[in-house]
Amino acid sequence: MDMNEIKEIFFQECEEQLAELESGLLKLNDGDRDPETVNAVFRAVHSIKGGAGAFGLDDLVAFAHVFETTLDCVRSNKLEPTQDVLKVMLRSADVLADLTNAARDGGSVDESRTRGLVKELEALANGEVIQVSAAVAAPTAAKMPEPVAPKPTDESGFEPIPFSFSDFADETTPLMEAPSFQIAFKPHASLYSKGNEAALLLRDLSRIGEMSINCDMSALPSLDKLDPEASYLSWTVSITTDKGEEGIRSVFEFAEWDCDLEITPVVSDAAADEEELPMIPVPFDLSALDSGPDEEPAVEAVAAEEPFVAAAVEAAVATTQIAQSVNAAIEKREAAAAPAAAQANANAAANASAGQTIRVDLDRVDRLINLVGELVINQAMLSQSVIENDASGTSAVNMGLDELQQLTREIQDSVMAIRAQPVKPVFQRMSRIVREVADMIGKQIRLVTEGENTEVDKTVIDKLAEPLTHMIRNAVDHGIETPEKREAAGKNPEGTIKLSAKHRSGRILIELQDDGAGINRERVRQKAIDNDLIAADANLTDEEIDNLIFAPGFSTADKISDISGRGVGMDVVKRSIQALGGRINISSRPGHGSTFTMSLPLTLAVLDGMVVTVAGQTLVVPLTAIVETLQPEAKNIHSFGANQRLISIRNSFCPLVDVGRVLNFRPTQADPVEGVALLVESEGGGQRALMVDAIQGQRQVVIKSLEANYTHVPGIAAATILGDGRVALILDVDAIVSASRGQPLKQEMSLAATG
């Protein structure tokens, strides 16, 4: 593996660390004060800094160092993570991401922006903030009352002496102390050249236990022979910690290759003494202990006669008390350690499961998926040939093919699962867009995300960023009102944008909801008339008016700005969603906000479909769109208007759509009684009964793009290859339903629901 490959792996890990950083900062911004969250944020920046130092990325190392220092103040409770502090840190995370991208792609970052954030971070980490925290803690400590000696309790003048049981706790501590280690640490010159500092490593080491340090300066030369880039100092550290050797090595995680490090366990004298306590024989008469509580004079008499017996009794009582104290302390320590041990086991299990991953080039996965797709096609062809030559369907070959079909399906599902990834990385990118745009226009907006772990094909994820970016910018600029207008309307000055993802019926639904003013339909209508998009006397429904914002060149902005006004944003959204085989709908309530719903296929590779025949042509209808199939009867068919027909289904009427007529496969409508009706459901279009001539069966088919191999065909989403080698067209259900409502099949309606 050459250096370029190692560097590429580093940048891939940087993407993961940056995602972890932003996720942690957003949790802190929402009020999470879990120390582990703070530690995760700190580790992310520290990891980026350490790796960048290894590759000599000085700008990235310098900024990460300042960022890390400020985060360390938060980690050590010297800096309170308030909203203002977290705003600076979120902007710093954005700059850190920009510096990482610049280092990878060879670009540059605005130096004035970086310098400004460095000054803000240094201001947060300066001594004034630390002094305030210390001043707050001082009065708290001063409030602790000193023990007051009680007054004499009897006439003899006896005066009790106050004491603290904590003194005894110190004596028992050696019996329960954590393991100790001796550390020999000698940095190399490369450690400093890569951005690490020995002082910071020793400081981090001090946080995991009690330690003492001895610095060896014997190798330090005279000033005239001193090399400023060399390393002369070494340290010997004695540390007592319950983190073990693994915890110590984690401190030196990014410096272990650039130093001489020896860690030696130390067995304490107390532990050795505890293992072998000396047995001292004491002459003792056991009968002296047989006395009950009322026989104390007898014990005293025995003690008076034989002084050594009294001494033995006293020694026995003292030994029993010490043993009880030690047992109680050990039980208390074990009880306190039990939850920590359970948590450690849980973390170890989580780390073990998280570590069982490998990095594979995406091209290899794509090739594997293509080969599996060809396997499915060949398996279907083989099954078709056997069925045609074996009418009984009971031969051993036929049974073997059934098993092959099941195995092929399992292989295909497993391979498709490899490409499935959560939408979390895309959702996290939207947080930055909300912050930047809101700051530009002076609005207070909070982004809430749900369903970040919803998985979808990586091809879909890669193409989601652009439409989501335009929709987020549109919601911030046009959807959410200014704080003044929101307060006047009785709303919270801070607006909320909710981005969610979930699975439904074999598809993924992504919703973008805001609590803004909603769509001003009068203004949208007037703008459409001014731009000659509709006639002045056009009678449009609310849904049709809302969809005007997707028209090319349409914008309600009064002037062109860096954010909006050119009328390209929502047009790009619609085209991008349709190119993915998806669809987008709008619902808006004036004064309450708007909701944009995108429905996308989980994968662009395969789908389960119903193979049907229409006017001699073979079509595939996506199975996820079909509600039920039924055989129409003459009594249930009703005419409506000149050439519209309805079918009665369980006391309700549903429009009947002749697919062959809509696609111009035949000049006239066919007789519904002679065909089969497929009850389908399309978002925004309600239910329709699609009439086909016959159903051949249900199959899983491999999607082949028509636009890439031929050209766009209105009403058709894609194509596939059947088992007999013929090409079958995959129906665009949404386009057919829209055509049944009087809308002609257009070029842009090709983007259909394929799964």
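Values in this document were obtained by computation on a predicted structure and should not be read as measured data.

**Notes on the overall build of the protein**
And then number 1: When helices and strands are counted, the protein shows 25 helices and 22 strands.
And then number 2: Counting over 755 residues, the protein shows a buried share of 38%.
And then number 3: Long-range contacts, defined as pairs at least 24 residues apart, comprise 68% of the intrachain contacts of the protein with a sequence gap of at least 6.
And then number 4: Accessible surface computed for the protein: about 42600 Å², of which carbon and sulfur atoms make up 53%.

**Focus on the nonpolar core**
In a soluble, globular protein the nonpolar side chains are often hidden away together inside.
And then number 1: I472, I497, I510 and F596 are the most contacted members of the largest nonpolar core, which totals 47 residues.
And then number 2: Looking at this core element by element, the count peaks at seven residues for helix α16 (residues 424–441).
And then number 3: F596 has contacts with M471, N474, I510, E511, L512, I549, F550, M570, I584, N585 and I586, leaving out every residue within four places of it along the chain.
And then number 4: L25, V45, V85 and L121 belong to the second-largest nonpolar core, a separate cluster that totals 41 residues.

**Notes on the pattern of salt bridges**
And then number 1: One pass over the full model with this rule turns up 31 salt bridges.
And then number 2: Residues R104 and D105 are paired through a salt bridge, measuring 3.4 Å at the closest nitrogen-oxygen approach.
And then number 3: Overall, R104 belongs to the partly exposed group, its relative accessible area being 30%.
And then number 4: Since its relative accessible area comes to 58%, D105 is described here as exposed.
And then number 5: The salt bridge involving R249 is made with E245; its shortest N-O contact spans 3.2 Å. Pair noted here: R249 and E245 are both in helix α10 (residues 244–251), with a separation of four residues, about one helical turn.
And then number 6: With a relative accessible area of 28%, R249 lands in the partly exposed category.
And then number 7: Each of E22, D94, D98, R113, R432, R435 and E436 takes part in salt bridges that share partners, so that together they form one network.

**Focus on helix α9 (residues 198–206)**
And then number 1: All buried positions along α9 are accounted for by A198, L201, L202, D204 and L205. The arc that holds the buried residues of α9, viewed along the axis, is 160°, so those residues lie on one side.
And then number 2: Residues of α9 that are buried in the fold lie against α3 (58–75), β1 (180–187), α8 (189–193), β2 (210–216), β3 (234–240) and α10.

**What about the packing of aromatic side chains?**
And then number 1: As enumerated under the stated definition, the model contains five aromatic pairs in all.
And then number 2: When the ring of F10 is compared with that of F11, the centres are 5.1 Å apart and the planes differ by 55°; the resulting orientation is tilted. Here F10 matches F11 in class, with each residue buried.
And then number 3: In this arrangement the basic side chain of R75 is found over the ring face of F42, its NZ or CZ atom lying 3.8 Å from the centre.

**Things to note about the environment of S588**
And then number 1: For S588, the location among the structural elements is in strand β10 (residues 583–589).
And then number 2: The spacing of S588 and D546 is 42 residues in sequence and 8.0 Å in space, taken between C-alpha atoms.
And then number 3: Within the structure, S588 has its side chain in polar contact with the backbone nitrogen of I519 (distance 2.8 Å).
And then number 4: In this structure the side chain of S588 is engaged in a polar contact, spanning 3.0 Å, whose partner is the side chain of S594.

**Some points on helix α2 (residues 35–54)**
An α-helical turn contains 3.6 residues, so a residue and the one three or four places further along point in the same direction.
And then number 1: Given a rise of 1.5 Å per residue, 20 residues ought to cover 28 Å, and the 29 Å separating the end C-alpha atoms of α2 matches this to within 8%.
And then number 2: Where burial is concerned, most of α2 is hidden: 15 out of the 20 residues are buried.

**What about the packing of α16 against helix α18 (residues 465–479)?**
And then number 1: Relative orientation of the contacting elements α16 and α18 amounts to 30°, with a least axis distance of 9 Å. Both α16 and α18 take part in a crossing whose hand is right-handed. Along its contact with α16, which presents V426, F427, R429, M430, I433, V434, V437, A438 and I441, the element α18 presents A465, L468, T469, I472, R473, V476 and D477.
And then number 2: A breakdown of the residues in the contact of α16 with α18 according to their chemical character gives 12 nonpolar, one polar and three charged.

**Brief notes about the pairing of strand β11 (residues 593–601)**
And then number 1: Burial within β11 is extensive, with nine of its nine residues counted as buried.
And then number 2: What you see with β11 is no split at all: G593, T595, T597, S599 and P601 on one side and S594, F596, M598 and L600 on the other are buried throughout.
And then number 3: Sheet analysis places strand β9 (residues 507–514) next to β11, joined by seven bridges and oriented antiparallel. Looking across to β11, one finds that Q513 is bridged to T595.
And then number 4: Inspection of the sheet shows β10 paired to β11 by seven bridges, in the antiparallel sense. Along β11, the bridge assignment pairs I584 with M598.
And then number 5: Here β10 hands over to β11 after three residues, with G591 in that stretch at a positive phi of 85°.

**Focus on the sheet that holds strand β22 (residues 727–731)**
And then number 1: Sheet architecture is open: five strands sit in the order β20-β12-β13-β22-β21, paired in mixed fashion. Both outer strands of the open sheet, β20 (694–702) and β21 (716–721), are each paired with one neighbouring strand and no more. The mean angle between the axes of side-by-side strands here comes to 35°, regardless of whether they run parallel or antiparallel.
And then number 2: Pairing of strand β12 (residues 606–614) with β20, which is carried by eight bridges, proceeds in the antiparallel orientation. The residue of β20 that forms the bridge with G609 is R699.
And then number 3: Of the strands in this sheet, β12 and β20 touch helix α15 (residues 396–419), which is tilted by about 50° from β20.

**Remarks on the confidence of the model for the protein**
And then number 1: Residues of the protein with pLDDT of at least 70 account for 75%, and the chain-wide mean is 76.
And then number 2: Under a pLDDT of 50 for its full length, residues 288–313 has, in the predicted model, 14 contacts with residues more than four places off or in other chains.

**A look at the packing of helix α1 (residues 3–29) against helix α4 (residues 83–105)**
And then number 1: Running from N to C, α1 and α4 point in directions that differ by 170°, and their axes come no closer than 10 Å. Put simply, α1 runs roughly antiparallel to α4. Between α1 and α4, the contacting residues are F11, C14, E15, L18, L21, L25, L26, L28 and N29 on the first element and Q83, L86, M89, L90, A93, L96, A97, T100, A103 and R104 on the second.
And then number 2: When its residues are assigned to classes, the contact of α1 with α4 shows 14 nonpolar, three polar and two charged.

**Details of a nonpolar patch on the surface**
And then number 1: Together, M217, L220, L223 and L226 make up a nonpolar patch on the protein surface, roughly 430 Å² of accessible area in all.
And then number 2: For L223, a relative accessible area of 74% translates into the label exposed.

**Details of the environment of T70**
And then number 1: As for its position among the elements, T70 is in helix α3.
And then number 2: C-alpha separation for the pair T70 and M89, spaced 19 residues apart in sequence, amounts to 8.9 Å.
And then number 3: In contact with T70, not counting residues within four places along its chain, are L79, M89, L121, L124 and A125.

**Considerations on unusual backbone geometry**
And then number 1: You will see that A615, though not glycine, has its phi angle at about 50°, which is positive.
And then number 2: Relative to the helices and strands, A615 is located in the loop between β12 and β13 (617–622).
And then number 3: At R650, a position not held by glycine, the phi torsion is positive, near 50°.
And then number 4: By the secondary structure assignment, R650 is in the loop between β16 (644–649) and β17 (652–658).

**Comments concerning the sheet that holds strand β6 (residues 445–450)**
And then number 1: Spatially, five strands are ordered β6-β8-β9-β11-β10 in an open sheet, and the strand pairing comes out mixed. The open sheet terminates on both sides in strands that have one partner only, identified here as β6 and β10. Across the sheet, the mean angle from the axis of one strand to that of its neighbour is 15°, orientation sign disregarded.

Analysis parameters
Residues numbered from 1 in each chain as written. Predicted model: local features only at pLDDT ≥ 70, side-chain atom pairs only at ≥ 80, totals over all residues. Heavy atoms only, no water. Helix = DSSP H or I, 4+ residues; strand = E, 2+ residues; numbered from the N terminus. Buried < 20%, exposed > 50% of the residue type's maximum accessible area, 1.4 Å probe, protein only. Contact = heavy atoms within 4.5 Å. Areas by Shrake-Rupley, 256 points an atom, 1.4 Å probe, with all protein chains shown as cover. Core = buried A, V, L, I, M, F, W, Y, C linked by side-chain atoms within 4.5 Å. Salt bridge = Lys/Arg side-chain N within 4 Å of Asp/Glu carboxyl O. Arc of directions from axis to C-beta. Phe/Tyr/Trp six-rings, centres within 6.5 Å; stacked < 30°, edge-to-face > 60°. Lys NZ or Arg CZ within 6 Å of the ring centre and 35° of its normal. Polar contact = N/O pair within 3.5 Å; in protein donor to acceptor, adjacent residues only side chain to side chain. Expected span 1.5 Å × (residues − 1). Axes fitted to C-alpha atoms, helices over the stretch in contact; angles between N-to-C directions. Left-handed = near helix turned anticlockwise from the far one by under 90°. Nonpolar A, V, L, I, M, F, W, Y, C, P; charged D, E, K, R; others polar. Pairing = 2+ DSSP bridges. pLDDT = per-residue confidence, 0-100. Parallel < 35°, antiparallel > 145°, perpendicular 65-115°, else oblique. Patch = residues over 30% accessible without salt bridge, like charges linked within 9 Å, V, L, I, M, F, W, Y side chains within 5 Å.

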